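# Report on the structure
The chain contents come next:
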Amino acid sequence: MNLFNVYPLFNINPIKAQGSFLWDDKGEQYLDFYGGHAVISIGHNHPHYQNKLKEQLEKISFYSNSVQNELQAELANKLGKLSGYEDYSLFLCNSGAEANENALKLASFHNGKSKVLYFSGSFHGRTSAAVSVTDNPKIVAPVNFSERFIRSEWNNVEQLEETFEIHGNEISSVIIEGIQGVGGIMIPTPEFLSKIKELCEKYDVVLILDEVQSGYGRSGYFFAHQEFGVEADIITTAKGMGNGFPVGGVLIHPKFQASNGLLGTTFGGNHLACVASIAVLDVMKDENLIKNAQQMGEYIENKIKDLPHIRSIRRKGLMIGIELDRDCSEVRKSLLFDHHIFTGNSNDKTVLRILPALNIKKEETDLFINALKTVLENI
C-alpha cells in the first residue's frame, strides 16, 4: 500500500528536534521558524512537556469519556485562569476543524437557526461545515456546498451591515479568525470586530472566534481578539494547545446549556492530550511566553522592515506575514535549502509566513534575520 499523495513534500526527513531546531536523517540542522503551522508553541521536546507525558504514559494513556478524568478539570481550570475566560466551559476534542464543527453545531442548537456568515480569505478546516466556511473553492467538495453559508468581504463594514439586513434573522453564527493565518496574516480592524459583535447581539447571532492559529499567546495576547476588547460567545483553539499532540478545545459562554449527548468525541480530552495541554500552559505561565512573543515579534519586525523587496509587514506578536514585491516561493526555498530555515507561505503568494515557537531566543531570531537579509539582498 502507498500513501495517498495529497501533500507536496520537501525532500527533508526530520528525525530529531530540540527547542527551535530540527535535524534530518543526514545529520543536517534546521532552524524551525514555522512550527508546523504554529503548532510548536513551547519549542520541540521541552523538558517539562517531555516529563509530564512520560509520567502519564506509565499511568494510563486513554479511557473514554464515560468515566471521570480529573486531568480534564485541571486543564479547564488552568486554561480559564491564563486566558481570562474563567467563567466559560470547555469542551475537548482533537483538532481545530473538529473544534469549529462543534462550535457551529452548538450555535445552531442554541438559537435554532441554520445560516452561517464567514469571510473572504478564511480558513476554518477541511471537514464538513468547517470547509464550507473556508474561502477556497478548490477544497470545498460539492457535498460540502450549501446556500446556508454566506460569504462577506474581510474588513468591509458596509457589506457586513447589508448582509445582516438581508439575512440577520436567519443567521445562527458568525465565524471569524482572530487573525487570518492561511489568508496571509490578515488582521481585523477594531471597527470591523466591534460591528460584528454589535450586529450579533442585535440579531441573536452567536459570535465564534476561531483562535486555532492565532490563539495560545501567538499574537502577544492569549487570544488575538482580546486586544480589541471584544468578548466572543464561543472560542475555538487547537494547534499550539498541545505543542504537537493532537488536541482541540471549544470555550463556551455560560449562556449555553449543556445536556447529555449534545456534543461528543471518542478521543477528545484523553489523558495524554490533557497532560500535553497542561504542560503547555505551565510553561507559558512560568516562562512568561506571551510577553516574549510580544518582544521577539517587535525585535524581528524592527530588524527586517527596511530590507529590500519587503512591501509591508503584518504582525501581531510572533504571528508575522512578510509581504514581498514578488512571489515568496523562491525566497522560501532559498531560506530552506541554502540557510536551513523552515518558514511558511499562505494563500497570498507574496506573503512569507513566520510562526516560530513562543520561547524563541534573540540568538535564534538573528539567524533568521541575517539569512533573510542575505537572500533579499541577492535577488
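Residues numbered from 1 in each chain as written. Predicted model: local features only at pLDDT ≥ 70, side-chain atom pairs only at ≥ 80, totals over all residues. Heavy atoms only, no water.

## Considerations on the overall build of the protein
Within the protein, the regular secondary structure consists of 11 helices and 14 strands. Its C-alpha atoms give the protein a radius of gyration of 21 Å, near enough to 21 Å, the size a compact globule of 379 residues would have. With the C-alpha coordinates of the protein rotated into their principal frame, the extents come out at 55 × 55 × 45 Å. For the protein, buried positions account for 55% of its 379 residues. (Helix = DSSP H or I, 4+ residues; strand = E, 2+ residues; numbered from the N terminus. Rg over C-alpha atoms; globule rule 2.2 N^0.38 Å. Buried < 20%, exposed > 50% of the residue type's maximum accessible area, 1.4 Å probe, protein only.)

## A word on the domain arrangement of the protein
What the domain assignment lists for the protein is domain 1 (14–46 + 288–377) and domain 2 (47–287). One C-alpha centre belongs to domain 1, the other to domain 2; they are set 25 Å apart. In this complex, domain 1 contributes 32 residues to the contact, which on the side of domain 2 involves 34 residues. For the domain 1 and domain 2 pair, buried surface summed over both sides reaches about 2,900 Å², with 57% attributable to carbon and sulfur atoms. Together, His46, Lys316 and Met319 form the three largest contributors to the area buried by domain 1 at its contact with domain 2, with a combined 27%. Linking domain 1 with domain 2 are 1 salt bridge, by the criterion used here. Of the charged contacts in the structure, one is a salt bridge between glutamate 227 and lysine 316, with a shortest N-O distance of 2.9 Å. At the level of elements, helix H1 (35–38), helix H9 (289–304), strand E11 (310–316), strand E12 (319–324) and strand E14 (351–354) are the ones that each hand at least two residues to the side of domain 1 that touches domain 2. In terms of residues, the side of domain 1 that touches domain 2 owes the most to one element, H9, which gives 4 residues. (Domains from an automatic or database assignment. Contact = heavy atoms within 4.5 Å. Buried area = accessible area lost by both parts, 1.4 Å probe. Salt bridge = Lys/Arg side-chain N within 4 Å of Asp/Glu carboxyl O.)

## Observations concerning the packing of aromatic side chains
For the coordinates displayed, the defined rule picks out 13 aromatic pairs. What links up through ring pairs into an aromatic cluster is the set Tyr85, Tyr88, Tyr216, Phe222 and Phe223. Its guanidinium or amino end placed over the ring of tryptophan 23, lysine 16 lies 4.9 Å from that ring's centre, counting from NZ or CZ. (Phe/Tyr/Trp six-rings, centres within 6.5 Å; stacked < 30°, edge-to-face > 60°. Lys NZ or Arg CZ within 6 Å of the ring centre and 35° of its normal.)

## Some remarks on the side chain of histidine 271
Checked against the element boundaries, histidine 271 lands in helix H8 (residues 271–286). Not counting chain neighbours up to four residues away, the residues in contact with histidine 271 comprise Gln56, Ile60, Ser61, Phe62, Tyr63, Asn69 and Leu71.

## What about helix H11 (residues 362–377)?
The end-to-end C-alpha separation of H11 is 22 Å, in line with the 22 Å expected for 16 residues at 1.5 Å each. Of all the residues in H11, the buried ones are Glu364, Thr365, Phe368, Ile369, Ala371, Leu372, Val375 and Leu376. The buried residues of H11 occupy an angular sector of 165 degrees when projected down its axis, which confines them to one face. (Expected span 1.5 Å × (residues − 1). Arc of directions from axis to C-beta.)

## A word on the nonpolar core
Membership of the largest hydrophobic core comes to 79 residues, with the highest contact counts inside it found for Phe164, Ile196, Ile322, Phe368 and Leu372. A per-element tally of this core places H8 first, with 11 residues. Formed jointly, this core draws a minimum of three residues from each of two domains, domain 1 (14–46 + 288–377) and domain 2 (47–287). Counting residues in hydrophobic clusters, the runner-up holds 21 residues, among them Leu106, Ala107, Tyr118 and Leu263. (Core = buried A, V, L, I, M, F, W, Y, C linked by side-chain atoms within 4.5 Å.)

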